[in-house]
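One-letter residues, chain by chain:
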Amino acid sequence: MALFKRRTVGKPGEWFYCLEHRTVEEGPQCRAADRLGPYATRQEAEHAMETAHERNVEWETDPKWHDAPQKGKSGGADA
């Protein structure tokens, strides 16, 4: 008998997007590594990939998080 039983049941009304099956699920049905969420509504979960893409673009273009070296600062072994 296992000491810790894995539960995949979520709270009622939580919606997830399964990356493996590319479907919307009410409550977590697939493993956490394969899903996005939770979302408050089914419609939000249906648009999970678009939301993730928009957030990625925002993050990649945010000057506070840009990885380009700053001018005038040397950092590295060749300094």
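Within any chain, residue numbers begin from 1 and follow the written order of that chain's sequence. Given that this is a predicted model, residues contribute local features only at a pLDDT of at least 70 and side-chain atom pairs are listed and counted only at 80 or more, while totals for whole chains, interfaces and linings are drawn from all residues. For side-chain calculations, the full set of non-hydrogen atoms in the structure is used, while hydrogens and water are omitted.

**As for the overall build of the chain**
Spelled out, the test is: Elements are defined by DSSP. Helices are runs of H or I of four residues or more, strands are runs of E of two residues or more, and each kind is numbered from the N terminus. The contact criterion used is simple: two residues touch if any of their non-hydrogen atoms lie within 4.5 Å. Accessible areas in this description were obtained via Shrake-Rupley with a 1.4 Å probe; residue shielding takes into account the shown protein chains only.
Secondary structure summary: the chain contains two helices and three strands in total. For the chain, the proportion of contacts with a sequence separation of at least 24, taken over those separated by at least 6, is 23%. Per element, the accessible surface of the chain, about 7100 Å² overall, is 53% carbon and sulfur.

**Examining the pairing of strand β2 (residues 23-26)**
Put simply, the test is: Only strands that DSSP links by at least two bridges are regarded as paired with each other.
In this sheet, β2 lies alongside strand β1 (residues 15-18) in antiparallel orientation, the contact comprising four bridges. Bridge pairing in β2 links Phe16 to Glu25. The turn joining β1 and β2, which pair antiparallel and follow one another in sequence, is formed by four residues; a positive phi near 55° is taken by Arg22.

**Points about the sheet that holds strand β3 (residues 35-39)**
Filter applied, for reference: All axes here are fitted lines through C-alpha atoms, helices being fitted over the stretch that makes contact, and every angle between N-to-C directions spans 0 to 180 degrees.
Taking strand neighbours across the sheet as the criterion, the three strands line up as β2-β1-β3 in an open arrangement whose pairing is antiparallel. In the strand order of this sheet, the two ends are held by β2 and β3, each with one partner. Neighbour-to-neighbour, the strand axes of the sheet open up by a mean angle of 25°, direction not taken into account.

**Description of the packing of aromatic side chains**
The condition is simple: Pairing of aromatic rings covers Phe, Tyr and the six-membered ring of Trp, with a centre-to-centre limit of 6.5 Å; geometry is then stacked below 30 degrees between planes, edge-to-face above 60, and tilted otherwise. For a lysine, the NZ atom is tested; for an arginine, the CZ atom; a charge sits over a ring if that atom is within 6 Å of the ring centre and within 35 degrees of the ring normal.
For the structure on display, the rule yields zero aromatic pairs. The ring of Phe16 carries the charged tip of Arg35 above its face, separated from the ring centre by 5.0 Å.

**Regarding the nonpolar core**
The cut-off we apply is this: For our purposes a nonpolar core is just a set of buried Ala, Val, Leu, Ile, Met, Phe, Trp, Tyr and Cys residues, chained together by side-chain atoms within 4.5 Å. Relative accessibility thresholds used throughout: buried, under 20% of the residue-type maximum; exposed, over 50%; partly exposed, between the two (1.4 Å probe, protein chains only).
Formed by Trp15, Tyr17, Val24, Tyr39, Ala45 and Ala48, the largest nonpolar core amounts to six residues. Beyond its immediate chain neighbours, meaning those up to four positions away, Ala48 contacts Tyr17, Leu36 and Tyr39.

**Quick word on the pattern of salt bridges**
Opposite charge on two side chains permits pairing when their charged atoms draw close. How we decide: Think of a salt bridge as a Lys or Arg side-chain nitrogen and an Asp or Glu carboxyl oxygen that are within 4 Å of each other.
Enumeration over the complete set of coordinates arrives at two salt bridges. Where Arg31 meets Asp34, a salt bridge forms, and the shortest distance between an N and an O atom there is 2.9 Å. A salt bridge links Arg42 to Glu46; its shortest N-O distance comes to 3.3 Å. Residue Arg42 and its partner Glu46 are both found in helix α1 (residues 42-46); the two are separated by four residues, about one turn of the helix. By relative accessible area, which is 37% here, Arg42 ends up partly exposed.

This is a description of form; function is not addressed.
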